[in-house]
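Summary of structural features
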Amino acid sequence: MTGGAGGAALPGYDPKAHGAGIVHLGLGAFHKAHQAVYTDDALAAAGGDWRIIGVSLRSTEVAQVLQAQGNRFAVIERDSTGTSTRVIGALAGALSLQDDRAAVLAALCAPTTRIVSLTVTEKGYGFDRATGGIDRSHPAIAHDLATPCQPIGAAGLLVWALAQRRAAGIAPFTVLCCDNLPDNGRMLRALLQGFAAETAPDLLPLLRTQVAFPATMVDRITPASGPGTRALALALTGQDDAAAVETERFRQWVIEDDFPTGRPAWDAGGALFVADVTPYEEMKLRMLNGAHSMLAYAGFLAGHRHVRDVMQDAALARLVRRHMHAAAQTLAPVPGVDLTGYAEQLCRRFENPHLAHETRQIAMDGTQKLPQRIFAPALEAMARGQSPEPFAFACAAWMRFALGVQDGGADFDLRDPRAEEIRQALDGARDTDAVIRALAALPGFMPATLQGSDTWLGLVRGHLEVMRAQGMRAAIEAAAAA
Ligand code: CS2
């Protein structure tokens with residue numbers, strides 16, 4: 001890195017001297033603050049044609065904004081030890097599927113594209129957890145099954161592109177899922193196989209044996225950029241930057257090293273290459289993301305706008321710690337990690353006074369998040385003879401949130417792909433037992449073992465009763481005092 005205007009570090013390499021080798025689907029703040037930064041470090045340390053062509057599947061604005069500023073943007077890294085700003089040169093292009101469809105398809109088919117990575121969020125894939133295949137009711141899956149030559153979703157685009165490449169004699173790209181899903185490489189392979197079985201069955205042997213789907217654990221707390229981000233970027237860099245992102249200084253990336261057609265030297269940026277990501281991924285999903293979801297539902301309903309405010313609420317901060325420790329007890333040993341230290345570090349990160357991370361943002365899409373964050377550790381705790389109590393509190397907080405009303409009676413918008421289904425399930429559910437029954441029975445959501453466990457349901461009911469009768473504040477105080 002070299003110094004830039006106003007103190008921002010500039011890329012430590014000449015971006016124009018490097019071609020693109022990666023297509024990334026899901027050009028959001030998290031990608032810009034995570035994989036793009038690691039790739040920038042890799043290019044500075046080891047070079048290579050590994051710049052990224054970023055693709056927005058739905059938005060048109062993100063690509064337009066980036067194009068207008070030469071695909072450069074600032075990453076503002078902040079915590080209580082200070083602020084540093086760097087300008088990222090790793091993005092070679094920014095495309096919108098809606099505006100630049102031909103260019104997106106060409107990039108996916110280009111022989112130079114050796115990796116396709118994705119951050120399309122949990123709900124973006126259309127994976128059916130219950131069957132381990134495709135979810136036909138998912139809008140993009142349904143669209144792409146009907147018109148597989150005009151794909152708009154992740155599975156449709158990848159299967160179409162891999163088929164084109166095979167027909168043209170071009171080696172397949174490696175598919176790198178960077179979303180917070182358990183066993184994300186295997187999940188994506190199963191999704192593509194499920195989709196190909198119906199649209200391109202002769203691609204199945206290739207998907208089984210030749211395409212690599214390394215699993216990853218990704219971590220960097222990156223709130224959606226707010227109105228203040230642009231002004232901050234201007235102050236720090238001296239440049240107007242409508243694509244800047246604010247994030248924490250901490251970052252982590254653990255990746256299975258399975259890249260048959262090569263990869264950037266992401267280890268130069270601190271990425272850890274391992275044979276099995278599972279222990280790291282379970283640690284992060286259950287301790288960080290699980291505590292995040294719990295505090296998002298409880299915190300939002302208790303009137304806290306940001307995660308940092310939650311951490312100033314003594315009772316709720318206590319529940320956050322309790323949740324992390326209970327989650328830690330459901331884990332297999334994680335190589336080289338002291339889980340007590342990890343929990344403390346998570347609390348410091350949540351307390352970060354410079355990040356305006358909204359509880360409402362984390363509360364989105366609960367039906368897509370609870371299974372791996374809350375239900376999986378609850379099951380594991382019960383299998384080990386431990387109490388699932390903290391997970392039951394989190395589940396009750398989500399159920400209370402799913403009712404869509406504040407304690408004071410004001411409505412709010414659920415922002416979940418299953419919001420309508422939830423609304424219908426809750427129609428007519430009056431008492432707490434009826435609410436639990438309705439939500440627990442959402443297909444493919446709560447594992448059958450939990451649905452059939454009196455211990456679990458009793459704990460959830462106990463908390464939900466207090467939340468509904470006395471309010472979230474009272475429920476937090478009661479749980480924290482227990
Ligand atoms: C959060 C994550 O919004 C959420 O659900 O829990 O985005 C979290 O901030 C990241 O996974 C941190 O790496």
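All residue numbers here refer to positions counted from 1 along the written sequence of the relevant chain. The model is predicted, so local features are restricted to residues of pLDDT at least 70 and side-chain atom pairs to those at 80 or more, both for listing and for counting; the totals for chains, interfaces and linings are taken over all residues.

1. A few points about the domain arrangement of the protein chain
When the parts of a complex come together, some accessible area is lost, and that lost area is often taken as the interface size. Let me state the cut-off plainly: Domain segmentation is taken from an automatic or database assignment of domains. Residue pairs are scored as contacts if the distance between their C-beta atoms, which are placed from the backbone, is within 7 Å. Runs of H or I in DSSP of at least four residues are treated as helices and runs of E of at least two as strands, each being numbered from the N terminus. Amino acids are sorted into nonpolar (Ala, Val, Leu, Ile, Met, Phe, Trp, Tyr, Cys and Pro), charged (Asp, Glu, Lys and Arg) and polar (every other residue, Gly among them).
In terms of domains, the protein chain is made up of domain 1 (5-274) and domain 2 (278-481). Between domain 1 and domain 2, the contact holds 23 residues from the first and 23 residues from the second. Taken together, the elements giving at least two residues each to the side of domain 1 that touches domain 2 come down to β5 (73-79) and β12 (216-219). When the residues that make up the side of domain 1 that touches domain 2 are grouped by side-chain class, the tally is 10 nonpolar, 4 polar and 9 charged.

2. Section: the packing of helix α20 (residues 454-470) against helix α21 (residues 472-481)
The condition is simple: With axes taken as lines fitted to C-alpha atoms, and helix axes fitted only over the stretch in contact, angles between N-to-C directions fall between 0 and 180 degrees. Reported orientations rely on four angle classes, namely roughly parallel under 35 degrees, roughly antiparallel over 145, roughly perpendicular from 65 to 115, and oblique for the rest.
Taken N-terminus to C-terminus, the directions of α20 and α21 make an angle of 140 degrees; their axes are 6 Å apart at the nearest point. For the element pair α20 / α21, the angle class is oblique. Counting all contacts with α20, which are made through His463, Val466, Met467 and Gln470, the residues of α21 involved are Met472, Ala474, Ala475, Ala478 and Ala479. When the residues that make up the contact of α20 with α21 are grouped by side-chain class, the tally is 7 nonpolar, 2 polar and no charged.

3. Some points on the sheet that holds strand β8 (residues 115-118)
The cut-off we apply is this: DSSP-based pairing: two strands are paired if at least 2 bridges between them are found.
Taken in spatial order, the 5 strands make up an open sheet running β7-β4-β3-β8-β11, and their pairing is parallel. The open sheet has two edge strands with one neighbour each: β7 (91-96) and β11 (174-177). Here the average twist between neighbouring strands, direction ignored, is 20 degrees. The sheet contact formed by strand β3 (residues 20-25) and strand β4 (residues 51-56) spans 5 bridges and is parallel. Each bridged residue has a counterpart across the sheet, and for isoleucine 22 the counterpart in β4 is isoleucine 52.

4. Focus on the environment of methionine 324
To keep things clear, this is the line we draw: Comment: burial labels come from other C-beta atoms within 10 Å of the residue's own C-beta, placed from the backbone, where a count of 20 or more is buried, 12 or fewer is exposed, and between is partly exposed.
Relative to the assigned elements, methionine 324 resides in helix α12 (residues 314-328). For methionine 324, a count of 25 C-beta atoms within 10 Å corresponds to the buried category. Note: C-alpha distance between methionine 324 and tyrosine 342 (18 residues apart in sequence) is 9.3 Å. In this structure, methionine 324 is in contact with Met287, Ala291, Ala343 and Leu346, ignoring residues within four places of it in sequence.

5. Remarks on the site of the ligand
To keep it simple, the criterion reads: The criterion for a residue being near a molecule or strand is a backbone-placed C-beta atom within 6 Å of that molecule or strand.
The immediate surroundings of the ligand are formed by Asn180, Asp219, Arg220, Ile221, Asn289, His292, Gln361, Ile362 and Lys369. Secondary structure elements with two or more residues in the shell around the ligand: α10 (278-301) and α14 (359-363). In the shell around the ligand, the residues fall into 2 nonpolar, 4 polar and 3 charged. Counting contributing residues per domain, the shell around the ligand is built from domain 1 (5-274) and domain 2 (278-481), each supplying no fewer than three.

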